[in-house]
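Inside the fold
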Amino acid sequence: MIDKASAPDLIIRTDVSAHIGMGHLRRCLTLADGLKGHGHPVSFITKPYDERLIAMIERAGYPAHRLPLECSLEQDCAATIRLAQQVDPKASVLLDSYSIDEPYQRSVKEAGLNLIVIDDLAAHPVYADLLLNQNIYAQQEMYSAQPYIRLLLGPRYALLRREFAHLHERKKSVPKQAGNILVTLGGSDPENQTLKVMQALAMLDEPPEVRVILGAGYRGQESLQPLLAQVGSRFSIHTDVRAMSPMMAWADLAISGGGSTCWELACTGVPNAILVLAENQRRNAIGLSQAGVSVNLGWWEEATVTVANLLGDQRKRKEMSNPGRALVDGRGVERVVAGVGRLCKGMTKGENDGKIICG
């Protein structure tokens, strides 16, 4: 346990909007909760693309420092360093944004701050002290990095809320016929694939019970009303869902995007079909399909939602459920918090040479 009196602040720089998606913010909030429980004060730096979404940070109990929307990346970096040093000269900065590049990372390090990066793309050299890539395709060879870096790679480090670790410990029943389907297509779903999936499920010969999760950034509620009027009580809409694990405990099958929800479903043993909603989800969908955890429906513009065969195929769903639980145990936050804690207790550059951890 970190000494709460001496734990330095952690400053998280990330953004959220309907276009960017909710995944970055969700995983950062989950990690923030884990760090707070170990004595780390946490605050956020973000751009106010949508005040309703930033309010999620403040409702969770974290200060949210707002940058000007129009500032350049160089100005963004300078402001982040300045704010971090004002909050705590010994602060660690966590970056989770696809727009943040190599010079941004280098500047944070040159300012004398510890640097943590959450990454999915391996798009440029890394200057972080600690890097997390929780995706199934993450490999050490993807990164050109400084020798002092500590890599946390793979779904073993997936940032899931504690509720999923508890659910992972329970055996998931797989019924002969899948009668409960969960639809969850991310925090915003800007292309409104939720309607497409609901229409496909409504056409099944024996329509199941369907629960549809709408994220905080979803703006297509009105488009769903005509279909809901047709299908009646078999389909239900759920918004502002703060506890997802009961939904997953209920589900026999899920249809999801290829983002962080995949790790929650795998952890809880829910077989799922992935609709790829963003370019950065393609490799996860392929990897999870190859691992036998999910069915890859493909890119949203080209995909046909076909799950009828899965509903009655108990054997196939069992074969998907067990590998998912083996892949993700729900304790990723504990592992990442341990890595951050070691960094924040005064680790120097040379202290970690060659320490590469892969999940």
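Residues numbered from 1 in each chain as written. Predicted model: local features only at pLDDT ≥ 70, side-chain atom pairs only at ≥ 80, totals over all residues. Heavy atoms only, no water.

Our next topic: helix α1 (residues 23-36). Note that an α-helix has 3.6 residues per turn; residues three or four places apart therefore point the same way. The end-to-end C-alpha separation of α1 is 20 Å, in line with the 20 Å expected for 14 residues at 1.5 Å each. The buried fraction of α1 amounts to 10 of the 14 residues, a majority that puts the element mostly inside the structure. By the burial criterion, the buried members of α1 are His24, Leu25, Arg27, Cys28, Leu29, Thr30, Leu31, Ala32, Gly34 and Leu35. (Helix = DSSP H or I, 4+ residues; strand = E, 2+ residues; numbered from the N terminus. Expected span 1.5 Å × (residues − 1). Buried < 20%, exposed > 50% of the residue type's maximum accessible area, 1.4 Å probe, protein only.)

It is worth spelling out the packing of aromatic side chains at this point. The tally for this structure, following the rule as stated, stands at 2 aromatic pairs. With a centroid separation of 5.8 Å and an interplanar angle of 55 degrees, the aromatic rings of phenylalanine 44 and tyrosine 62 are classed as tilted. With phenylalanine 44 in strand β2 (residues 42-46) and tyrosine 62 in the loop between α2 (51-59) and β3 (64-66), this residue pair connects regions lying 18 residues apart in the sequence. The buried category is assigned to phenylalanine 44, whose relative accessible area is 0%. Classification of tyrosine 62 as buried rests on a relative accessible area of 3%. Ring plane angle 45 degrees and centroid distance 6.1 Å describe the contact between tryptophan 299 and tryptophan 300, whose orientation is recorded as tilted. For tryptophan 300, a relative accessible area of 14% gives the class buried. In this structure, arginine 283 packs its charged tip against the face of tyrosine 137, placed 4.1 Å from the ring centre. (Phe/Tyr/Trp six-rings, centres within 6.5 Å; stacked < 30°, edge-to-face > 60°. Lys NZ or Arg CZ within 6 Å of the ring centre and 35° of its normal.)

Here the focus is unusual backbone geometry. Unusually for a residue other than glycine, alanine 122 sits at a positive phi of about 50 degrees. Phi at asparagine 192 takes a positive value of approximately 55 degrees, unusual for a residue other than glycine.

Let us look at the packing of helix α6 (residues 193-202) against helix α7 (residues 221-231). Their axes nearest at 10 Å, the elements α6 and α7 cross at an angle of 15 degrees. As summarised for this structure, α6 and α7 are arranged roughly parallel, according to the angle between their axes. Judged by the twist between their axes, the crossing of α6 over α7 is left-handed. Contact with α6, carried on its side by Thr194, Leu195, Met198, Gln199 and Ala202, involves Ser223, Leu224, Leu227, Leu228 and Val231 of α7 and no other residues of that element. Across the contact of α6 with α7, the residue classes break down as 7 nonpolar, 3 polar and no charged. (Axes fitted to C-alpha atoms, helices over the stretch in contact; angles between N-to-C directions. Parallel < 35°, antiparallel > 145°, perpendicular 65-115°, else oblique. Left-handed = near helix turned anticlockwise from the far one by under 90°. Contact = heavy atoms within 4.5 Å. Nonpolar A, V, L, I, M, F, W, Y, C, P; charged D, E, K, R; others polar.)

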